[in-house]
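# Survey of secondary and tertiary structure
If you want the building blocks of each chain, they are given just below.
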Amino acid sequence: MNPLVWDREPGVDLRSPILVTAWDGWFDVGGAATGAVTARGGDDAVRVGHIDADEFFDFHERRPQVRVGPEGRRIVEWPPNEVSCLAVPGRDRDLVLIEGVEPHLRWRTFVDAVVEVVRRFDVRLVVTLGAMVAEVPHTRPPTITGSTTDAELAELLRLGRPSYQGPTGVVGVLHERLDELGIPAVSLRASVPHYVSGSPNPINV
């Protein structure tokens, strides 16, 4: 079964869309990255699909939540990875958003599902958002670091090439796959004060 489930059409023709994505997990300190995607989508983003959680999560580690819905019916909510589209009036390009939870299992299969979203909407650029602990105070403007392996983008946006080596998350796996496919991609990372790393920024809640 294809883990990528389409719920509906976006309702508009997307113009040279950019995919912006972030995942709750190792590369999302304080929920800053996923919070940014949520804030950008707002109430105008249209959910068009999701990546089914069943084959990607160890549910002992990330348990689903149960709630009581309308008329007393119990509803189980699984770790989400939602795909939304956002038309951006006054701009030349629209957005595709993927926001969710970094999976525990089968990362290559998960990345295949993300690549399917890229192909479905003819995405021209992928931007991944992340946040990491740094020795910075909250009283100063946040520091954003960016990198790309695409020489043209690096020159245009004045970005460096990736230099990190070590343990990685699903973002690193995605970037490797995009490089193999020749799909331009940029990584943007925010620095978060170490003393607020354990909880989301209250502005984003």
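Report follows, based on the coordinates. (Residues numbered from 1 in each chain as written. Predicted model: local features only at pLDDT ≥ 70, side-chain atom pairs only at ≥ 80, totals over all residues. Heavy atoms only, no water.)

A few words on the environment of Gly146. Here Gly146 shows up in strand 9 (residues 144–147). Sequence separation between Gly146 and Gly90 is 56 residues; the distance between their C-alpha atoms is 25 Å. Those residues in contact with Gly146, other than ones at most four positions away along the chain, are Leu159, Gly160, Ser187, Leu188 and Arg189. (Helix = DSSP H or I, 4+ residues; strand = E, 2+ residues; numbered from the N terminus. Contact = heavy atoms within 4.5 Å.)

Read from one edge of the open sheet, eight strands run 1-3-6-7-2-8-10-9, paired in mixed fashion. Where the open sheet ends on each side, the last strands, each with one partner, are strand 1 (4–6) and strand 9. Each neighbouring strand pair of the sheet contributes to a mean axis angle of 25°, computed without reference to strand direction. Where strand 9 meets strand 10 (residues 185–193), four bridges bridge the pair, whose relative direction is antiparallel. Paired with Ile144 across the strands is Ala190, a residue of strand 10. On top of the sheet, helix 1 (residues 32–41) reaches strand 2 (18–24), strand 6 (81–86), strand 7 (95–101), strand 8 (125–134) and strand 10; it is set at about 140° to strand 7, its chief contact. (Pairing = 2+ DSSP bridges. Axes fitted to C-alpha atoms, helices over the stretch in contact; angles between N-to-C directions.)

A few words on the nonpolar core. Counting residues in hydrophobic clusters, the biggest one holds 32 residues, and the most contacted among them are Leu19, Trp23, Val96, Val114, Phe121 and Val126. Counting only elements with at least two residues in this core, the list comes to strand 2, strand 3 (46–51), strand 6, strand 7, helix 2 (107–120) and helix 4 (170–181). At seven residues, helix 2 tops the list of elements feeding residues into this core. Membership of the second largest hydrophobic core comes to 15 residues, among which are Ala22, Ala33, Leu129 and Leu159. (Core = buried A, V, L, I, M, F, W, Y, C linked by side-chain atoms within 4.5 Å. Buried < 20%, exposed > 50% of the residue type's maximum accessible area, 1.4 Å probe, protein only.)

Keep in mind that these numbers describe shape and distance, not what the molecule does.
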